[in-house]
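# Architecture at a glance
Chain residues, written in single-letter form:
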Amino acid sequence: MSLKVLIVEDDDELAAQLSDQLRMFGHDPVVAPDGRRANQLVAERHFDAIILDRILPMMDGITLLKSLRDHNILTPVIVMTALGQSRQKIEGLDHGADDYVVKPVDPAELNARLHAVTRARAWTGQGSDETLRVGEIVISPARHSAWRNGKALKLQKTEFRLLTELARHAGTTVTRSMLLERVWNYDFEPTTNLVDAYIRRLRIRLTEFDESDPIMTIRGVGYMLRG
Amino acid sequence: MIPFRSLRALTLAFLLFFLAATLATAFGIYFATLRTIDHLVVQRITGASEMIAPDGDPVPASRLGRRIMAAARDRDTADLGYILFEQGQQVAGNVRVTRPLPLGLSRVGVADRIKGLTYGRVLVRDLGHGMRLAVIAETEPFDHYDAARKRIYLFGFGSIIAVALAAATTFTLIVRRRIIEMRRTVDAIFEGDLTRRVPVDGSGSAFDMQAEGFNRMLTRINGLMDEVRNVTNGVAHELRTPLARLRNQLSLIAHDPRADGVRDAVEEAQAQADRLLALFSALLRIAEVDSGARRENFTDVDLRQLVEDCVEATEAVVEESGHHVAELALEPVRVKGDVQLLSQVVINLVENAVRHTPAGSAIRVGLSMAEPGWAALTVSDDGPGIAPEDRARALDRFGRLSGAGGVKGHGFGLPLVASIARLHGGAMELGDAGPGLRVTVTVPLG
């Protein structure tokens, strides 16, 4: 899926590099070097997503984000922050950002998150307790239960949340750090393959009755639940 | 003199000494005054007695009687009492006594019921021929003088003691306040706020000079710390960017269909780059924790729930590596802290136990209030442990133990845990689980 992406970044070199990487993933990026130009571009044409640097000349990223949301522009926004500024990450999300990434950005990670934020829009308005259906899998967050082919799955708390997160993004790749943030609520990377180990457990639970494995490993990036 | 090292003990000792000295002085003066008066009175009655009946010059009783009457009328000697005894009978005089008076010097008092006399001295001389002459004088210049004297002493020396007490208290309070101010600064600095300084009032006093010296030293230390931090941060950031570019390049190559034959090698290179990036992340994380900025994220944390969640989060990893959590003894404990950092502590310690012990090892996690006001989180294993002499090196940021060379991980796990414990006002300690390693993290209760 090709996305029209606005990159708001004052560092020319970094902006060019990001553009190249996004093009490689088949997207259509446009660069705005500051907040004013970004405002103009947003007013002129449609973007599927905006990648916003936290620190910009003249108007900082959060101020720009607030002004966009104040003008009812609801384009998904991913904020880029430097490492070790976790408080700012939260601040960014408070002001209407959809996600954040830490610089230097891994292009595969950014691509996965771009897909996630643009797809997640389809969810807006739906209650998070709504029953999810992905192929043979049915998940009821309200009842904390899941079934495959009508057979109840025996899932422990974390396994259930992991499956729910994968199901919410079925058909798109979910990266390990996205899972850490959303299933475990961690803002740090554990030094062991904590996510992989849980995915393996979840696979065992899902294939208990010799069904095919519904979870695809996207090498070097993350996982995807077949849609 | 070790007992006087505390300010309170010193002040108290000074006050006690001062009190003793003042009281000794007061009593000294009091008794010296009494003795002087006594001495003068004795001299006076001796003189008066000899004037009436000179030694070695026998005078008939009738002449003595006239001399006594004359002395009793004379303005100079009229305040003295005179009694002439003949064969034990009072035959002349201006006062009467109810008891026999001993020969020589003795004392008379209120009990003797001599009119107008409270305390006094009496000299009785034997004049020969069965005659005795008693001369009495008061030692008090006027009535109830003793009470007045006591009052004078009480007020005089009492006020001196009061002034000294007030001065010592004020002095102690001033010194204490200065010390508390300095102590607060030291505490703040210990907790990571290197910008704190001891207040200076600009008076140029000895205290001020000391505070200024202290502050100059802090500024210098802060500068050095900033330099070190900047270098660390700078290096980590500067190296991360090109490293991330390299990693991204490898990632793109791995996604390229033309890389089919070398994909495994490329992915291994990518994994190595990831490990390096993780190392820089850990370094920057430690720097972030040490800067104290995360203190702004502190909230009320249910530590038992947090530990439970973290143990569950690592469950799959623990199981896959052939380990097991043998014991989970958690008491309900609440602390003030950063949820993310505290989670990282538990995850790091469990991961550490998994990484450094052979398959089949048991991991024990405990949370208790070992000491009043303190929460103690312990993670122990029954693996090889760390020898006491190597423990300090395990906490050293670049002190990966030699035996652990083949083990994965960046070696910043324990130093990061120690930094996080410090940020929360606590500490981390490595101990012996007999056998195995026991890591204890103590944090003050919230």
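Higher on the page you've got the structure.
Residues numbered from 1 in each chain as written. Chains lettered and ligands numbered in written order. Predicted model: local features only at pLDDT ≥ 70, side-chain atom pairs only at ≥ 80, totals over all residues. Heavy atoms only, no water.

Turning our eyes to something else, we now look at empty space enclosed by the protein. Residues and elements named next belong to chain B. With the rule as written, the count across this model stands at 2 cavities of 30 Å³ or more. In this structure, the largest cavity is lined by 13 residues; those nearest its centre are Leu342, Val345, Leu377, Val441 and Val443. Among the secondary structure elements, those contributing two or more residues to the lining of the largest cavity are helix H6 (303-313), helix H8 (339-356), strand E10 (374-381), helix H10 (413-423) and strand E12 (437-444). For the lining of the largest cavity, the element with the most residues is H8, which contributes 3 residues. Counted by class, the lining of the largest cavity contains 12 nonpolar, 1 polar and no charged residues. Counted as a void, the second largest cavity has a volume near 50 Å³. Together, Leu349, Asn352, Ala353, Val379, Asp381, Leu437 and Val439 line the second largest cavity. Mapped by element, the contributors of at least two residues to the lining of the second largest cavity are H8, E10 and E12. Within the lining of the second largest cavity, the residues separate by chemical class into 5 nonpolar, 1 polar and 1 charged. (1 Å grid on protein atoms, 1.4 Å probe; cavity = no way out; pocket = protein on both sides within 12 Å on 5 of 7 lines; lining within 4 Å. Points joined across faces, edges and corners; volume = space filled by probe spheres on them. Helix = DSSP H or I, 4+ residues; strand = E, 2+ residues; numbered from the N terminus. Nonpolar A, V, L, I, M, F, W, Y, C, P; charged D, E, K, R; others polar.)

Time to look at the pattern of salt bridges. Inspection of the entire model under this criterion finds 39 salt bridges over all chains. A salt bridge links Asp208 of chain B to Arg178 of chain B; the shortest N-O distance between them is 3.3 Å. With Asp208 of chain B in helix H4 (residues 206-255) and Arg178 of chain B in helix H3 (residues 145-190), the pair connects residues that are 30 residues apart, well separated along the chain. Assessed through its relative accessible area of 0%, Asp208 of chain B is described here as buried. By relative accessible area, Arg178 of chain B is classed as buried at 12%. Across the pair Arg364 of chain B and Glu327 of chain B runs a salt bridge whose closest N-O atoms are separated by 3.3 Å. You can see Arg364 of chain B sitting in strand E9 (residues 362-371) and its partner Glu327 of chain B sitting in strand E7 (residues 324-330), a full 37 residues away along the chain. A relative accessible area of 36% places Arg364 of chain B in the partly exposed class. One salt-bridge network, held together by shared partners, links Asp99, Glu109, Arg113, Glu165, Glu181 and Arg182 of chain A. (Salt bridge = Lys/Arg side-chain N within 4 Å of Asp/Glu carboxyl O. Buried < 20%, exposed > 50% of the residue type's maximum accessible area, 1.4 Å probe, protein only.)

Moving on to helix H3 (residues 61-70) of chain A. All names here are of chain A. Most of H3 is tucked away: 7 of the 10 residues are buried. Listing the buried residues of H3 in full gives Gly61, Ile62, Leu64, Leu65, Ser67, Leu68 and Arg69. Once H3 finishes, Asn72 follows within two positions and takes phi at roughly 60 degrees, a positive value.

On the surface, a cluster of negative charge is made up of Asp10, Asp11, Asp12 and Glu13 of chain A. Considering the arrangement of structural elements, one finds Asp11 of chain A in the loop between strand E1 (4-8) and helix H1 (12-24). (Patch = residues over 30% accessible without salt bridge, like charges linked within 9 Å, V, L, I, M, F, W, Y side chains within 5 Å. Areas by Shrake-Rupley, 256 points an atom, 1.4 Å probe, with all protein chains shown as cover. Lys, Arg positive; Asp, Glu negative; His and termini not counted. Charge placed at Lys NZ, Arg CZ, Asp CG, Glu CD.)

Residues and elements named next belong to chain B. On the basis of which strands lie adjacent, the open sheet formed by 5 strands has the order E2-E1-E5-E4-E3 and antiparallel pairing. Of all the strands in the sheet, the pair left with one neighbour each is strand E2 (89-93) and strand E3 (104-109). Across the sheet, the mean angle separating the axes of adjacent strands is 30 degrees when strand polarity is ignored. Against the sheet, helix H1 (residues 7-52) contacts strand E1 (81-86), E3, strand E4 (119-128) and strand E5 (131-138), and its axis sits at roughly 30 degrees relative to E4. Relative to the sheet, helix H2 (residues 61-73) contacts E1, E2, E4 and E5, its axis offset from that of E1 by approximately 170 degrees. (Pairing = 2+ DSSP bridges. Axes fitted to C-alpha atoms, helices over the stretch in contact; angles between N-to-C directions. Contact = heavy atoms within 4.5 Å.)

What follows covers the pairing of E1 of chain B. Residue and element names in this part refer to chain B. E1 sits mainly inside the fold: 5 of its 6 residues count as buried. Bridge count for E1 against E5 is 6 bridges, and the pairing is antiparallel. Paired with Gly81 across the bridge in E5 is Ile136. Hairpin connection of E1 to E2: 2 residues between the antiparallel strands, including Gln87 at a positive phi of 50 degrees.

Per the stated rule, a full pass over the model turns up 7 aromatic pairs over all chains. Measuring from ring centre to ring centre gives 6.0 Å for Tyr153 of chain B and Phe157 of chain B, while their planes differ by 15 degrees; the resulting arrangement is stacked. Taken together, the residues span about one helical turn, with Tyr153 of chain B and Phe157 of chain B both in helix H3 at a distance of 4 residues. By the burial criterion, Tyr153 of chain B is buried, and Phe157 of chain B matches it. Within the aromatic cluster, the residues linked to one another by ring pairs are Phe27, Tyr30, Phe31, Tyr153 and Phe157 of chain B. It is Lys151 of chain A that lies over the ring of Phe209 of chain A; its NZ or CZ is 4.7 Å from the centre. (Phe/Tyr/Trp six-rings, centres within 6.5 Å; stacked < 30°, edge-to-face > 60°. Lys NZ or Arg CZ within 6 Å of the ring centre and 35° of its normal.)

In this assembly, 39 residues from chain B lie in contact with 37 residues from chain A. Remark: the boundary between chain B and chain A carries 8 salt bridges. Between Lys157 of chain A and Asp309 of chain B there is a salt bridge, with the nearest N and O atoms lying 3.6 Å from each other. Inspection of the region where chain B meets chain A yields 10 residue pairs in polar contact (both at pLDDT 80 or more). Contributions of two or more residues to the side of chain B that touches chain A are made by H4, helix H5 (263-291), H6, helix H7 (315-320) and H8 of chain B. Here the element with the most residues in the side of chain B that touches chain A is H4 of chain B; it accounts for 10 residues. (Polar contact = N/O pair within 3.5 Å; in protein donor to acceptor, adjacent residues only side chain to side chain.)

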